[in-house]
Amino acid sequence: MELKEKIKKLKDEMNAIILAHNYQRKDVQEIADFKGDSLELARKAKNVDADYIVFAGVDFMAETAAIINPDKTVLIPSKAATCEMAKFLTGERVREYKKRYPEAAVVLYVNSTAEAKAEADITCTSANAVKVVESLPNEVILFGPDANLASHVQEHTDKKIIPLPPEGHCYVHTSFDVDSIPRDGKILVHPECPPEIRKIGDAVASTGGMVKYVKNSNEKRFVIVTERDMVSRLQLDFPDKEFVPAWENAICLGMKHVTLENIYRSLKEKKYVVKVDPDIAERAKRAIERMLEVS
Ligand code: 13P
Ligand code: SF4
């Protein structure tokens, strides 16, 4: 039996569901029950009716699913599927900043560890960051760990946004060279890109926002300024349109650690179960649920 069929059979027998982020390999996206951006996946994880959630994405996404779903078993197929940006911020660093800015609210991008989220007032994703910040009564906001997303939010609010830490970034989204980006199509840019790249975008959007933009557009050709496999997602959904990756080597290595082979092993051996310390999970859950209420 082909691997894809074996996965489907096992998944059905176990009452499992596969959730995949838009940066997953094309063959992984093809077998997913649901594909989406971080916010869409968090919402879906909260509402699924399954005993097992196999998370085809990186660690913080699987942790978020486990935190909001304590009665379900969340599996991540590879322990190497990690997000480099999340590593910029420890819980300790958030506590230090809170002492320095006692009047500020702490808004953490979901691309952060559970330990850091436990220190946050609320989380956000690239799809709802401005809305989340605007929902708060505080005029000063500590925002981390992405300083580029923080600067994007600053461009859309009168509140004072303090990046936490100032050096936080994603190596994939800071790897584009503005002069090498093709200009022959509508340019869609992820907000994790630096300001000079965002400036050339016809739209600045989360990966889910890019899917919606393409759906509502009559244009035929799009230049995609984010992780390379976003093009796979768009090609699967819109086979009659053309998508050009801004740079072929914009690859998130953490995302590529998930494969059909390890998804099959993950189901068969029920590993790796995502576990979060219960005290941290309880505090992080408040921040995540507050975000889900706002957006
Ligand atoms: P999205 O929520 O837009 O899918 O972004 C997640 C991410 O990790 C971007 O690098
Ligand atoms: Fe993290 Fe960047 Fe990969 Fe997104 S693309 S998961 S921010 S390392």
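Quick summary incoming for the structure in this document.

The rules behind these values
- Residues numbered from 1 in each chain as written.
- Chains lettered and ligands numbered in written order.
- Predicted model: local features only at pLDDT ≥ 70, side-chain atom pairs only at ≥ 80, totals over all residues.
- Heavy atoms only, no water.
- Buried < 20%, exposed > 50% of the residue type's maximum accessible area, 1.4 Å probe, protein only.
- Helix = DSSP H or I, 4+ residues; strand = E, 2+ residues; numbered from the N terminus.
- Contact = heavy atoms within 4.5 Å.
- Polar contact = N/O pair within 3.5 Å; in protein donor to acceptor, adjacent residues only side chain to side chain.
- Patch = residues over 30% accessible without salt bridge, like charges linked within 9 Å, V, L, I, M, F, W, Y side chains within 5 Å.
- Areas by Shrake-Rupley, 256 points an atom, 1.4 Å probe, with all protein chains shown as cover.
- Salt bridge = Lys/Arg side-chain N within 4 Å of Asp/Glu carboxyl O.
- Near = heavy atom within 4 Å.
- Nonpolar A, V, L, I, M, F, W, Y, C, P; charged D, E, K, R; others polar.
- Arc of directions from axis to C-beta.

Within the sequence span of helix H3 (residues 38-47), burial applies to Ser 38, Leu 39, Glu 40, Leu 41, Ala 42 and Ala 45. For H3, the secondary structure elements touched by its buried residues are strand S1 (16-21), strand S2 (34-36), strand S3 (52-56), helix H4 (59-68), helix H10 (207-215) and helix H14 (278-294). For H3, the side-chain oxygen to backbone nitrogen distance between the N-cap and Leu 39 is 3.1 Å, and the N-cap itself is Asp 37.

Once that is clear, we can look at a nonpolar patch on the surface. Together, Tyr 171, Ile 251 and Leu 253 make up an exposed nonpolar region whose accessible area comes to about 260 Å². Considering the arrangement of structural elements, one finds Leu 253 in helix H12 (residues 253-256). The exposure class assigned to Leu 253 is exposed, which follows from its relative accessible area of 55%.

So, on to the environment of Gly 91. With respect to the helices, strands and loops of the structure, Gly 91 is situated in helix H5 (residues 91-100). Accessibility expressed as a relative area gives 0% for Gly 91, which makes it buried. Measuring from C-alpha to C-alpha, the distance between Gly 91 and Thr 113 comes to 8.3 Å, with 22 residues separating the pair along the chain. Setting aside residues up to four positions removed in sequence, Gly 91 forms contacts with Glu 115, Ala 116 and Glu 119.

Another aspect to go through is the site of ligand 1. Surveying the vicinity of ligand 1 reveals the residues His 21, Tyr 23, Asp 37, Ser 38, Asn 111, Ser 126, His 173, His 190, Glu 192, Ser 206 and Thr 207. Within the side chain of Thr 207, one N or O atom sits 2.6 Å away from an oxygen atom of ligand 1. Alone, ligand 1 offers 300 Å² of accessible surface; in the complex the protein occludes 96% of this. Taken together, the residues that form the shell around ligand 1 break down as one nonpolar, eight polar and two charged.

Quick look at H10 now. Looking only at H10, the buried set comprises Thr 207, Gly 208, Met 210, Val 211 and Val 214. All buried residues of H10 lie within an arc of 155° about the axis, which places them on one face of the element. Contact partners of the buried residues in H10: S1, H3, strand S9 (186-189), strand S11 (221-225), helix H11 (230-237) and strand S12 (242-245).

Taken together, 13 residues are adjacent to ligand 2, and Cys 83, Asn 111, Cys 170, Glu 192 and Cys 252 come closest. The residue makeup of the shell around ligand 2, split by class, is nine nonpolar, two polar and two charged.

That's the geometry; what it means functionally is another story.
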